[in-house]
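Take a look at the letters that make up each chain.
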Amino acid sequence: MNTETDLMPAERPFPLAFGLDTFGDVTADADGRPITHAQTIRNLVEHGVAAEKAGIDTFNIGEHHTPDMPLSAADVVLAAIAARTERIRLGSAVTVLSSDDPVRVFQRYSTLNAISDGRAEVILGRGSSIDSFPLFGFDLADYQDLFEEKTNLFAQLLEGGPVTWEGRTRSALHDQDVVPHLDAKLATWIGVGGSPESVIRAARYGFSLMLAIIGGPVARFAPYSELFHQALEQFGHTPKPIGLHSPGHVAATDEQARDEFWPNYLEVIRRASKTRGFAVPTEASFLREIGPDGALYVGSPETVAAKIAANMKTVGANRFDLKYAMGGLSDDALLTNIHLYGNEVVPRVRELLA
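Residues numbered from 1 in each chain as written. Predicted model: local features only at pLDDT ≥ 70, side-chain atom pairs only at ≥ 80, totals over all residues. Heavy atoms only, no water.

Caption draft 1: Spatial organisation of the layout of surface pockets. Of the pockets and cavities examined, the second largest pocket occupies roughly 460 Å³. Around the second largest pocket, the lining comprises 23 residues; the ones closest to its centre are Lys185, Ala187, Trp189, Ser208 and Pro241. Among the residues making up the lining of the second largest pocket, the classes are represented as twelve nonpolar, five polar and six charged. (1 Å grid on protein atoms, 1.4 Å probe; cavity = no way out; pocket = protein on both sides within 12 Å on 5 of 7 lines; lining within 4 Å. Points joined across faces, edges and corners; volume = space filled by probe spheres on them. Nonpolar A, V, L, I, M, F, W, Y, C, P; charged D, E, K, R; others polar.)

Given below as structure tokens:
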């Protein structure tokens with residue numbers, strides 16, 4: 001079976017799309033001091049508006065519950081952005097379905113879909129960051145079962161009409177009408193960080209596939225795209241989009257981008273390593289990750305565009321989402337990133353892939 005790496009541009013099954021992702025990282029003021037959570041959230045609304053002005057296709061907010069990433073209600077912020085935009089699609093990156101209720105997730109995002117006139121998306125994930133499990137009273141021992149059952153229920157909710165469902169992880173539904181009803185499709189993705197089982201799950205439900213590549217060689221994810229194509233065919237579904245999500249930072253020059261990004265990236269990973277077991281990066285490992293084969297997209301518009309185009313070909317993806325926000329950076333640096341990504345990087349990637 002062919003993947004997009006084998007296809008001429010005119011034969012691509014889906015149009016190219018480019019997004020920005022954020023976890024609502026707390027940034028810094030002009031003196032390098034962390035800003036408040038409230039200001040972080042207000043700034044995110046402005047980022048979403050700026051992303052539309054820059055011509056970006058999607059703006060996505062991931063769910064986190066930590067002091068350095070306080071975006072615990074992404075759909076509320078996305079609704080505020082929806083009220084001030086007309087074209088850009090708005091989604092989660094990701095919604096931790098395992099520790100949420102599928103009915104409430106459906107209701108929140110079907111409401112966002114109504115507010116935005118069909119521009120809402122949801123990316124469902126098991127949760128690589130597990131802060132929400134103890135917060136909402138879920139047992140990590142049920143990690144796999146929670147996601148499997150709740151994804152099954154969410155898929156039924158998307159079909160519309162009264163739902164009858166029974167499982168172990170939440171109360172049953174019997175011919176239940178769940179409102180508000182959708183009058184436009186709610187685009188749904190599964191976020192995958194490296195599990196073949198999750199790839200197959202996305203295909204089984206006919207959802208799109210978002211590959212979260214945050215470290216190591218990008219090429220190792222190419223087999224997941226092929227597995228997704230094969231599984232979709234076996235489950236009787238039509239082809240679905242494949243996206244890539246990776247961190248990065250765009251500035252006027254390669255040197256500026258590295259100098260702004262590296263110290264903040266080091267500090268963010270150092271903090272995360274205490275709870276998630278990440279290896280603390282060295283300057284040598286950082287240089288490998290921002291090189292051609294690594295998972296970080298840090299540099300000038302030309303450098304970042306060339307790497308995005310190459311890796312979209314390698315994996316066979318039609319969408320790329322840059323996780324643009326990094327804790328500790330200034331808001332001015334992030335707004336510059338958004339401007340350069342939309343106005344210079346994305347047009348160049350389109351040229352390279354054409």
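Caption draft 2: Broad picture of the packing of helix α10 (residues 301–315) against helix α11 (residues 331–353). Between α10 and α11, the least distance of the axes is 8 Å, while the angle of their chain directions is 45°. With respect to α11, the axis of α10 lies oblique. At the point where α10 passes α11, the crossing takes the right-handed sense. Counted together, Pro301, Glu302, Val304, Ala305, Ala306, Ile308, Ala309, Met312 and Lys313 of α10 and Leu340, Tyr341, Glu344, Val345, Arg348, Val349, Leu352 and Leu353 of α11 form the full contact between these two elements. Residues that form the contact of α10 with α11 fall into these classes: 13 nonpolar, no polar and four charged. (Axes fitted to C-alpha atoms, helices over the stretch in contact; angles between N-to-C directions. Helix = DSSP H or I, 4+ residues; strand = E, 2+ residues; numbered from the N terminus. Parallel < 35°, antiparallel > 145°, perpendicular 65-115°, else oblique. Left-handed = near helix turned anticlockwise from the far one by under 90°. Contact = heavy atoms within 4.5 Å.)

Caption draft 3: Examining unusual backbone geometry more closely. The omega angle of the peptide bond from alanine 93 to valine 94 is 10°, so this bond is cis rather than trans. Within the secondary structure, valine 94 is located in the loop between β3 (89–92) and β4 (95–96). In this structure, proline 180 follows valine 179 across a cis peptide bond, with omega equal to 0°. In this structure, aspartate 117 takes a positive phi of about 60° despite not being glycine. Relative to the elements of secondary structure, aspartate 117 occurs in the loop between α3 (102–115) and β5 (120–125). Under the relative-accessibility criterion, aspartate 117 is labelled exposed at 70%. The backbone of aspartate 175 shows a phi angle near 50°, a positive value even though the residue is not glycine. By the secondary structure assignment, aspartate 175 is in strand β7 (residues 173–176). (Buried < 20%, exposed > 50% of the residue type's maximum accessible area, 1.4 Å probe, protein only.)

Caption draft 4: Layout of the packing of aromatic side chains. Tallying each qualifying case throughout the model produces nine aromatic pairs. Ring geometry for phenylalanine 221 versus tyrosine 224: centroids 5.5 Å apart, planes at 90°, classification edge-to-face. A relative accessible area of 17% places tyrosine 224 in the buried class. Among the aromatic residues, those joined into a ring-pair cluster are Phe261, Trp262, Tyr265 and Phe286. Positioned above the aromatic ring of tyrosine 297 is the side chain of lysine 307, whose terminal nitrogen or guanidinium carbon lies 5.0 Å from the ring centre. Positioned above the aromatic ring of tryptophan 189, the side-chain terminus of arginine 319 is 4.7 Å from the ring centre. (Phe/Tyr/Trp six-rings, centres within 6.5 Å; stacked < 30°, edge-to-face > 60°. Lys NZ or Arg CZ within 6 Å of the ring centre and 35° of its normal.)

Caption draft 5: Geometry of the environment of valine 199. Its place among the elements puts valine 199 in helix α6 (residues 196–205). In this structure valine 199 comes out as buried when scored by relative accessible area, which is 0%. For valine 199, the contacting residues outside a window of four places in its chain are Val192, Leu209, Tyr224, Leu227 and Phe228.

Caption draft 6: Layout of the pattern of salt bridges. All chains considered together, the criterion is met by 19 salt bridges. A salt bridge links arginine 271 to glutamate 267; the shortest N-O distance between them is 3.5 Å. Note that arginine 271 and glutamate 267 are positioned in helix α8 (residues 254–276) at a spacing of four residues, about one turn of the helix. According to the relative accessible area criterion, arginine 271 is partly exposed, its value standing at 33%. Accessibility expressed as a relative area gives 32% for glutamate 267, which makes it partly exposed. Between aspartate 321 and arginine 319 there is a salt bridge, with its nearest N and O atoms 2.8 Å apart. For aspartate 321, a relative accessible area of 0% gives the class buried. For arginine 319, a relative accessible area of 2% gives the class buried. A cluster of three or more residues bridged by salt bridges with shared partners is formed by Asp68, Glu267, Arg270 and Arg271. (Salt bridge = Lys/Arg side-chain N within 4 Å of Asp/Glu carboxyl O.)

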